[in-house]
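An overview of the molecular structure
Take a look at the letters that make up each chain.
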Amino acid sequence: MLETTSYAILPSQVNKKEELRHPVQSICSYEWDGKVLSGMLSKGSFFIYFTRENTLRFAVQPFGEADVSPTIAAERDQPLDGVTFEPSEDSLVLEAGAHRVTIFKNSLSFSVSRNGATVFQTEAPCVSYTKEKQVYFSVEKETDAPIYGLGEKSGFINKNGLKISNWNTDVFAPHNKDTVELYQSIPFALIHAQDKTTGIFFDNTFRTSFDMQTYRDKLEIMAEGGQVNVYVIWGEDVKETVQAYTDLTGKTPLPPKWSLGYHQSRYSYTSQDEVSTIAATFKKYGIPLDCIFLDIHYMDDYRVFTFNEDTFPGAGALVKDLNSQGIDVVPIVDPGVKKDVHYPVYVEGMEKGYFSKYLDGDVYYGEVWPGESAFPDFFNSSVQKWWGGLHQYYTKLGIRGIWNDMNEPSVFNETKTMDLDVMHDVDGKKISHKEGHNLYGLYMSKATFEGLKEQVPNSRPFSLTRAGYAGVQRYSAVWTGDNRSHWEHLEMSLPMIINLGLSGVAFSGADVGGFSSDTTPELLIRWTQVGAFLPYFRNHSVQDSIYQEPWAFGEATMESVKKYIELRYRFMPYLYTLFHEAEQTGLPVVRPLVMEYPQDEETFQCSDQFLLGKNVLVAPILRQGQTHRAVYLPAGEWYDFWTEERYKGGEYHLIKADLDTLPLFVKEGTILPLGSPVRNTKEKQEIELHIYHSEQEVTGILYEDDGISYDYRDQAYSISTYDYKKGDLQISREGSYEATAEIIATKIIGKNEAGEDI
Ligand code: GLC
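Just so you know, these numbers come straight off a predicted model, no measurement behind them.

1. Comments concerning the overall build of the chain
Of regular secondary structure, the chain possesses 13 helices and 48 strands. Its C-alpha atoms give the chain principal-axis dimensions of roughly 75 × 70 × 60 Å. Within the chain, the fraction of its 758 residues that count as buried is 62%. Sequence separation of at least 24 residues holds for 67% of the intrachain contacts in the chain that already meet a minimum separation of 6. Carbon and sulfur atoms make up 48% of the accessible area of the chain, which totals about 28,500 Å².

In structure tokens form, the structure reads like this:
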């Protein structure tokens, strides 16, 4: 408790002495096997290899042999073929095409060049360690270079000047600048300049920290254990670097379309009657809805894989009824399994030895919602299979999505998590919780995703997770946890989601309306405007807070909220197309301006606007009472989505936006496929093409498939490419999906009927 008073700054609490650091000085011997260069150092050992032409892996273990085995995050790491090796007296050179890495033998360090120009340089020496087995790695950087990525962190998009650490933590206390450790750990930073973007993925699962503050010209990364295990990516711009990072850690798979619709949640809808009433109220007011969430009260005393028989006596019938209305149901599943000898999940887990244990075999118990609980050891593939299989309980009722929470794992004790000396069993290899902590949520997501995929053949699973590590995008969407109904948290949701996208996670969102604290009509409207354009769109709130369903504040507020939920569905064809692109390329759905305009310095620090894909620019109102804001439009001409007025890019504009208006712009030359009104994604939409005039190319693209199965991987998709030239619209199609949407209208924006500028 005292930490929240001035006691926290007692003189003896500050100026803690740093551990003495020892640099790793030089390479003593080396071996080149045709792909991997490895060897002994003055302390410990190292290896280095290219994984593709613009990416290399470098590892140093000062305390023994460097571990070259692939990690769960970088599952697609493969040493590249065709690399040449050239030793000399002072250095060792590896070359792949135009890319060259020079490793200096004395004062261990390396630099990278592309076409002869240096693009990356470490410190010399670049690795040091302490006797407590912390390891450090330092690279040079420009003093003011913006630094992006690092997953889900508080603050603005540029992290330069900050110290960021990574330790998955359940933070209910308000998220603010000082709450750096949140639920996700993605130790991947992008250092940006006009002509290049360098990615540094420090794939070490211990607590890590990125110090971009202490030294002006270097970035120093520290891990509390393990080895320096770093991937360096040198891209020409943000896009190339993010693509290479997702080549390594995986792309966000195309989700089922229903998961992109509007989702309604509350901690908790406490009975099946209440859930039915919520669905009926959406119907009554004609508000589109794709999914309702069941929070922890649906369970029997918080036992996962159960329903409370008193309050949800007919769960199966409820799900069936909602499904028949086109509404999905997603229940929460936490990792904590109640210690109860009459509870089959607990008994089976104990009998099979599936819970996390100490070295001596004693099961670890911690307090969470159900009271004393055991925690599945998701690191083990038998446990993953078992847990995945348990989901039959839900899938046989017609449930197709699962919400994983509390999987940092969160435990109600002083440390907020499991004891660090609990040992996890990675299929025979034991790792301490100190090493595995940041992976717990990732492995749980994997178990959930793969379980759902197996239970419901040929159906794309939806899983939503709070905790994760690099690579989590392969299994789950991410929501940013317990935000509050504060305007500051609405504002912060943008950089959080943007940086998650730059860290490989294309599918993420924040609780719309704010989770805890009480929302207001104005905040709910403004938040819904933003949520409608973020990848994941769910309204969720805590118990005892004011209700924040769309109708909670009367008719006028409801109409405005409804308008933006409907707008989400209008944009669904465009959004779904972007998710398809994300699966192909790894590029995020929501992008910072710098991703599309990497040379425009005006975009480098832009945290309060974003692009949906390439051509739709969202500049929301993020402050109470505001009805105007400055909007930066990058190079080119832009059209106001609402008024169709044309604006010049490369400039700021003062835009008026009354409470019912979200400032929204479309780039010239875009053909935007908009969908007709529907009640949810299960209804078929027709298409209206909005053609935004330009003197240059005017193009658009629409991806379609059945929205749910994997048949699209077997040609059952359709990609329509639109080209508009001098009044003539050309459409070309690819793929064998037949049931494509009908184009019911085309509208040309920026020209009058006589073809003149307006
Ligand atoms: C955690 C989650 C929140 C959920 C609550 C009860 O606080 O972050 O979303 O509603 O637990 O399950």
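2. Regarding the site of the ligand
Lining the immediate environment of the ligand, one finds Tyr267, Asp295, Ile296, Ile332, Trp369, Trp403, Asp405, Arg466, Trp479, Asp482, Phe515 and His540. Within the side chain of Asp405, one N or O atom sits 3.0 Å away from an oxygen atom of the ligand. Between the ligand and His540, the relevant distance is 2.9 Å, taken from an oxygen atom to a side-chain nitrogen or oxygen of the residue. Bound to the protein, the ligand loses 97% of the 310 Å² it would expose on its own. Along the lines of polarity and charge, the residues of the shell around the ligand split into 7 nonpolar, 1 polar and 4 charged.

3. What to know about the UniProt feature "domain: Glycoside hydrolase family 31 TIM barrel" (unreviewed entry) in the chain
As recorded in UniProt, the sites labelled "domain: Glycoside hydrolase family 31 TIM barrel" (unreviewed entry) are residues 252–578. Between the C-alpha atoms that bound residues 252–578 there is a distance of 11 Å. The span itself is 35% helix and 15% strand.

4. Focus: the side chain of His580
For His580, the position within the fold is in helix H12 (residues 572–585). Contacts of His580, omitting those with residues within four sequence positions, involve Leu254, Tyr703 and Ile719.

5. Description of the packing of aromatic side chains
Counted according to the given criterion, the structure contains 53 aromatic pairs. Geometrically, the ring pair formed by Tyr346 and Tyr365 is tilted, given 6.5 Å between the ring centres and 45° between the ring planes. One end of the pair, Tyr346, is in helix H4 (residues 344–351); the other, Tyr365, is in strand E24 (residues 365–368), with 19 residues separating them in the sequence. A residue is classified by how much of its surface remains accessible, and Tyr365, at 23% relative accessible area, is partly exposed. Lying across the ring of Tyr215, Lys218 places its NZ or CZ 4.1 Å from the centre. Above the face of the Tyr343 ring, Arg303 is positioned so that its terminal group lies 5.8 Å from the ring centre.

6. What about the environment of Gln194?
On the secondary structure map, Gln194 appears in the loop between strand E15 (188–193) and strand E16 (196–202). Look at Gln194 and you get partly exposed, because its relative accessible area is 37%. For the pair formed by Gln194 and Lys352, sequence separation is 158 residues and the distance between their alpha carbons is 56 Å. Apart from the residues within four sequence positions on either side, Gln194 is in contact with Pro598, Gln599, Glu601 and Phe604. Only 2.7 Å separates the side chain of Gln194 from the backbone oxygen of Gln599, close enough to count as a polar contact.

7. Describing helix H2 (residues 272–285)
Structural remark: α-helix, 3.6 residues per turn; residues separated by three or four positions point the same way. Along its 14 residues, H2 runs 20 Å from first to last C-alpha, staying within 8% of the 20 Å computed at 1.5 Å per residue. Listed in full, the buried residues belonging to H2 are Gln272, Glu274, Val275, Ile278, Ala279, Thr281 and Phe282. Elements in contact with the buried residues of H2: strand E20 (263–264), strand E21 (291–294) and helix H3 (315–324). Phi turns positive, to about 65°, at Gly286, one or two residues after H2.

8. Structural notes on the pairing of E16
Of all 7 residues making up E16, 6 are buried, and the element is well covered by its neighbours. Summarising the sheet, E16 and strand E19 (residues 228–235) pair through 6 bridges and their orientation is antiparallel. The residue of E19 that forms the bridge with Gly199 is Ile233.

9. Some thoughts on the sheet that holds strand E22 (residues 328–333)
Pairing between the strands of a sheet comes from backbone hydrogen bonds, and it takes one of two forms, parallel or antiparallel. Spatial ordering of the open sheet is given by E32-E31-E29-E26-E22-E21-E20-E34-E33, a layout of 9 strands whose pairing is parallel. The open sheet is flanked by strand E32 (508–509) and strand E33 (511–512), the only strands paired with a single partner. Looking at chain direction, E20 and strand E34 (residues 538–539) are connected through 2 bridges and run parallel. Considered in E34, the bridge of Gln264 is made with Asn539.

10. Quick notes on unusual backbone geometry
Going from Tyr267 to Ser268, the amide bond is cis rather than trans, its omega being -10°. With respect to the helices, strands and loops of the structure, Ser268 is situated in the loop between E20 and H2. Of the consecutive residues Glu408 and Pro409, the connecting peptide bond is found in the cis state with omega at -5°. Note on placement: Pro409 falls in the loop between strand E26 (401–404) and strand E27 (423–426). Phi at Asp301 is positive, roughly 50°, even though this residue is not glycine. Checked against the element boundaries, Asp301 lands in the loop between E21 and H3. The partly exposed category is assigned to Asp301, whose relative accessible area is 39%. Phi at Lys416 takes a positive value of approximately 70°, unusual for a residue other than glycine. Residue class for Lys416 comes out partly exposed when judged on its relative accessible area of 43%.

11. Description of the pattern of salt bridges
Summed over the entire model, instances satisfying the criterion amount to 40 salt bridges. The salt bridge involving Lys682 is made with Asp328; its shortest N-O contact spans 2.9 Å. Of this pair, Lys682 sits in the loop between strand E43 (671–675) and strand E44 (687–692) while Asp328 is found in strand E22, placing the two residues 354 residues apart along the sequence. Across the salt bridge formed by Asp405 and Arg466, the nearest N and O atoms sit 3.1 Å from each other. Of the two residues, Asp405 sits in the loop between E26 and E27 while Arg466 sits in the loop between strand E29 (462–465) and strand E30 (468–469), which places them 61 residues apart along the sequence. Of the residues examined, Asp405 reaches a relative accessible area of 8% and is grouped as buried. Taken together, the salt bridges that share partners define one network made up of Asp170, Asp405, Glu408, Arg466 and Asp482.

Thresholds applied
Per-chain numbering applies: the sequence of each chain, read as written, is numbered from 1 onward. pLDDT decides what is reported in this predicted model: residues at 70 or higher carry local features, side-chain atom pairs at 80 or more are listed and counted, and totals for whole chains, interfaces and linings draw on all residues regardless. Side-chain figures throughout are based on the complete set of non-hydrogen atoms in the structure, without hydrogens or water. Helix and strand definitions follow DSSP, with helices as H or I runs of at least four residues and strands as E runs of at least two, each counted in order from the N terminus. Buried, partly exposed and exposed residues are distinguished by accessible area as a fraction of the type maximum, computed with a 1.4 Å probe on protein chains only: under 20%, between the cut-offs, and over 50%, respectively. In this analysis, two residues are considered to be in contact whenever any of their non-hydrogen atoms come within 4.5 Å of each other. Each accessible area is a Shrake-Rupley result for a 1.4 Å probe, and residues are judged covered by the shown protein chains and nothing else. Whether a residue is near a molecule or strand depends on its heavy atoms: it is near if one of them lies within 4 Å of it. In protein, a polar contact means a hydrogen-donor-capable atom and an acceptor-capable atom, both N or O and within 3.5 Å, with residues adjacent in sequence counting only if both atoms are side-chain atoms; elsewhere, any N or O pair within 3.5 Å suffices. Each residue gets one of three labels, nonpolar for Ala, Val, Leu, Ile, Met, Phe, Trp, Tyr, Cys and Pro, charged for Asp, Glu, Lys and Arg, and polar for the others, Gly among them. UniProt positions are given in the numbering used here, feature names are shortened, and annotations may be inferred rather than shown by experiment. By convention, a stacked pair of Phe, Tyr or Trp rings (six-membered ring in the case of Trp) has centres within 6.5 Å and planes under 30 degrees apart, an edge-to-face pair has planes over 60 apart, and any other such pair is tilted. Working rule: Lys NZ or Arg CZ, within 6 Å of ring centre, within 35 degrees of ring normal, means a charge sits over the ring. In this analysis, the expected span of each helix is defined as 1.5 Å times one less than the number of residues it contains. Two strands are counted as paired when DSSP detects at least two bridges linking them. Salt bridges are defined by distance alone: a side-chain nitrogen of Lys or Arg within 4 Å of a carboxyl oxygen of Asp or Glu.

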